[in-house]
Amino acid sequence: FIMNNNIVVFDLETTGLMPGCDEIIEISALKCKSGKITDEFSTLVCPDDIWKVGSFVTRLTGITQDMLTGQPNICNVLPHLINFIGDEVIVAHNANFDINFIYDSCEEILNCNFSNNFVDTLRISRRILPELENHRLSTIAQYFNIDTVGAHRSLKDCKIVQTCYEE
């Protein structure tokens, strides 16, 4: 793969694993140029069905229903995110997961296709670090001695992904 000079590192947190059924509750993105963060986008997102934020999601992310009350919904957030990303290459860990949520949301809400190229640090790590016991973001971060305190919040995960990508 070729390292791209301008990228947007992207991560989101959701109420579950299924686009179309589950909802986005947090979105973050980092614009990076030549390995340096130049801008950031981060927001909580109030899901249409706030009761979908179950105890598992709260334990994993620390995001509670109360934190989401009064936050913008995906219809308000998505245009800003798409504008922030522009036509840059996306970098994400397990990118298909995140991209599928955004793809479905763009199609449903904005009546457009999300078609940015993307790089998946999960796939890269499987190729260049086959010796790892697994290729979770936390495992890769540990391999590179990257601090993971605060992981499973989208902005922190973006910063971890960006550092792993640079490594």
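Up top is the structure.
Caption draft 1: Region of the structure containing the sheet that holds strand β1 (residues 6-14). Strand order in the open sheet made by the 5 strands is β3-β2-β1-β4-β5, with mixed pairing throughout. The strands lining the two open edges of the sheet, one partner per strand, are β3 (36-44) and β5 (118-120). Strand-to-strand, the axes of this sheet are offset by a mean angle of 25°, without reference to chain direction. By the bridge criterion, 9 bridges tie β1 to strand β2 (residues 24-33) in an arrangement that is antiparallel. When the sheet's bridge partners are listed, Glu-13 is paired in β2 with Glu-26. Here helix α4 (residues 95-110) sits on the sheet in contact with β1, β2, β4 (89-92) and β5, set at roughly 80° to β1.

Caption draft 2: Focus on the layout of surface pockets. There is about 640 Å³ of room inside the largest pocket. Put simply, the parts of the chain that give the lining of the largest pocket at least two residues each are β1, α1 (55-61), α4, α6 (137-143) and α7 (154-166). Partitioned by chemical class, the residues of the lining of the largest pocket number 11 nonpolar, 9 polar and 5 charged. Here the second largest pocket is characterised by a volume of approximately 300 Å³. Looking at the second largest pocket, it is lined by 16 residues, and the ones nearest its centre are Asp-22, Glu-23, Ile-74, Ser-105 and Glu-108.

Caption draft 3: Seen up close, the packing of aromatic side chains. Under the criterion given, the structure shown has 3 aromatic pairs. Of note, Lys-31 hangs over the ring of Phe-84, and the distance from its end group to the ring centre comes to 4.9 Å.

About the cut-offs
Residues numbered from 1 in each chain as written. Predicted model: local features only at pLDDT ≥ 70, side-chain atom pairs only at ≥ 80, totals over all residues. Heavy atoms only, no water. Pairing = 2+ DSSP bridges. Helix = DSSP H or I, 4+ residues; strand = E, 2+ residues; numbered from the N terminus. Axes fitted to C-alpha atoms, helices over the stretch in contact; angles between N-to-C directions. Contact = heavy atoms within 4.5 Å. 1 Å grid on protein atoms, 1.4 Å probe; cavity = no way out; pocket = protein on both sides within 12 Å on 5 of 7 lines; lining within 4 Å. Points joined across faces, edges and corners; volume = space filled by probe spheres on them. Nonpolar A, V, L, I, M, F, W, Y, C, P; charged D, E, K, R; others polar. Phe/Tyr/Trp six-rings, centres within 6.5 Å; stacked < 30°, edge-to-face > 60°. Lys NZ or Arg CZ within 6 Å of the ring centre and 35° of its normal.

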